[in-house]
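Listed here are the chains, written in short residue letters.
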Amino acid sequence: MFWRDAGVLSCAAGLVRAALFLTLTTASAAPADIAAGEQIFRKCAPCHNITSDGNRMGPHLIAIVGREIGSVQDFRSYSQAMKSAGQEGRVWTEELLAEFLYSPRRTIPGNSMRFLGLWSDEDIRNLIAYLKSASPHQ
């Protein structure tokens, strides 16, 4: 079937990434709502910590924006995909984080995070704003 063609899927993924990037960078986009981002973070809180550098099932997210992927020193459960991304020098930019929050499996194939993603650009924008506001150096 046409829609199952790998080239079509790759093109579609590229279009999704471009749309997310434009949404995050467009001046006309609504300003992020940190309080709404804090509410959205409740979906993340069972596995991730933002209030201390203690890890849970996933690594803490303090100062995530600008941090090399897979680099929390005392977190030992990174998937090989996350380790490889970090070894390649990939860094959690706002744009990459937005892609990942939209589709973790597409953005870093083979990662072990058990989260399907957020499908609202507004939710993603608000969550990133909250992560940045809750981190001391962001």
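Residues numbered from 1 in each chain as written. Predicted model: local features only at pLDDT ≥ 70, side-chain atom pairs only at ≥ 80, totals over all residues. Heavy atoms only, no water.

1. Some words on the confidence of the model for the protein chain
Heads up, the condition is: You can read pLDDT as the predictor saying how much it trusts each residue, on a scale of 0 to 100. Helix numbering and strand numbering both begin at the N terminus, where a helix is a DSSP run of H or I of at least 4 residues and a strand a DSSP run of E of at least 2. A contact between two residues is defined here by any heavy atoms of the two lying within 4.5 Å.
Chain-level statistics for the protein chain give a pLDDT mean of 85 and a share of 77% at 70 or above. Ranking the helices and strands of the protein chain by mean pLDDT puts helix 3 (residues 80-87) first, with 98, and helix 1 (residues 6-25) last, with 52. Low confidence marks residues 1-5, where pLDDT is under 50. Its contacts with residues over four positions away, or in another chain, come to four contacts.

2. Structural notes on the packing of aromatic side chains
Under the convention used in this document: In this analysis, rings of Phe, Tyr and Trp, with Trp reduced to its six-membered ring, are considered paired at centre separations within 6.5 Å, and the interplanar angle assigns stacked below 30 degrees, edge-to-face beyond 60, and tilted for intermediate values. Three labels apply to residues, based on accessible area from a 1.4 Å probe with only protein chains included: buried if under 20% of the type maximum, exposed if over 50%, partly exposed otherwise in between.
Applying the stated criterion to the full structure yields three aromatic pairs. Ring centres of Phe 41 and Tyr 130 lie 5.6 Å apart, and the angle between their planes is 50°; on these two criteria the pair is classed as tilted. Here the residue Phe 41 occupies a position in helix 2 (residues 34-41), and Tyr 130 occupies one in helix 6 (residues 121-134), the gap between them amounting to 89 residues. Overall, Phe 41 belongs to the buried group, its relative accessible area being 6%. Overall, Tyr 130 belongs to the buried group, its relative accessible area being 10%.

3. Details of the environment of Arg 67
How we decide: Each polar contact in these results corresponds to two N or O atoms within 3.5 Å; when the atoms are within protein, one needs to be able to donate a hydrogen and the other to accept it, and residues that are neighboring in sequence are counted only if both atoms are side-chain atoms.
Assignment of secondary structure puts Arg 67 in the loop between helix 2 and helix 3. On the basis of relative accessibility, which here comes to 14%, the residue Arg 67 falls in the buried class. Residues Arg 67 and Gly 89 lie 22 residues apart in sequence; the distance between their C-alpha atoms is 10.0 Å. Apart from the residues within four sequence positions on either side, Arg 67 is in contact with His 60, Leu 61, Ile 62, Val 72, Val 91 and Trp 92. Here His 60 takes part through its backbone oxygen, which lies 3.0 Å from a polar atom of the side chain of Arg 67.

4. Details of the nonpolar core
Our working definition: To define a nonpolar core, start from buried Ala, Val, Leu, Ile, Met, Phe, Trp, Tyr and Cys residues and group those joined through side-chain atoms within 4.5 Å.
Ranked by size, the top nonpolar core spans 27 residues in total, and within it Phe 41, Trp 92, Leu 97, Leu 127 and Leu 131 carry the most contacts. Non-local contacts of Leu 97, meaning those with residues more than four positions away in its chain, are made with Ile 64, Val 65, Trp 92, Ile 128 and Leu 131.

5. Looking at the pattern of salt bridges
Condition: Each reported salt bridge corresponds to a side-chain nitrogen of Lys or Arg within 4 Å of a carboxyl oxygen of Asp or Glu.
Here the structure, examined in full by the defined rule, presents one salt bridge. Lys 132 serves as the salt-bridge partner of Glu 94, at 2.6 Å between the closest nitrogen and oxygen. Here Glu 94, found in helix 4 (residues 94-102), pairs with Lys 132, found in helix 6; they are 38 residues apart in sequence, far enough to count as distant. The partly exposed category is assigned to Glu 94, whose relative accessible area is 29%.

6. Here we look at the packing of helix 4 against helix 6
Put simply, the rule is: Only the stretch in contact is used when a helix axis is fitted, and all axes are lines through C-alpha atoms; the angle between N-to-C directions ranges over 0 to 180 degrees. In this scheme, roughly parallel covers angles under 35 degrees and roughly antiparallel covers those over 145, while 65 to 115 is roughly perpendicular and the rest are oblique. Helix crossings are classified by the rotation of the near helix relative to the far one: an anticlockwise turn of less than a right angle makes the crossing left-handed, while a clockwise turn makes it right-handed. Residue polarity is assigned by list, with Asp, Glu, Lys and Arg as charged and Ala, Val, Leu, Ile, Met, Phe, Trp, Tyr, Cys and Pro as nonpolar; anything else, Gly included, falls into the polar class.
One way to put it is that helix 4 packs onto helix 6 with a least axis distance of 10 Å and a crossing angle of 125°. Considered as vectors, helix 4 and helix 6 are oriented oblique to each other. Crossing hand, helix 4 versus helix 6: right-handed. Between helix 4 and helix 6, the residues in contact are Glu 94, Leu 97, Ala 98, Leu 101 and Tyr 102 and Ile 124, Leu 127, Ile 128, Leu 131 and Lys 132, respectively. Class assignment of the residues belonging to the contact of helix 4 with helix 6 gives a composition of eight nonpolar, no polar and two charged.

7. Here we look at the environment of Trp 119
In this structure, Trp 119 sits in the loop between helix 5 (104-107) and helix 6. On the basis of relative accessibility, which here comes to 62%, the residue Trp 119 falls in the exposed class. For the pair Trp 119 and Tyr 102, spaced 17 residues apart in the sequence, the C-alpha separation amounts to 5.7 Å.

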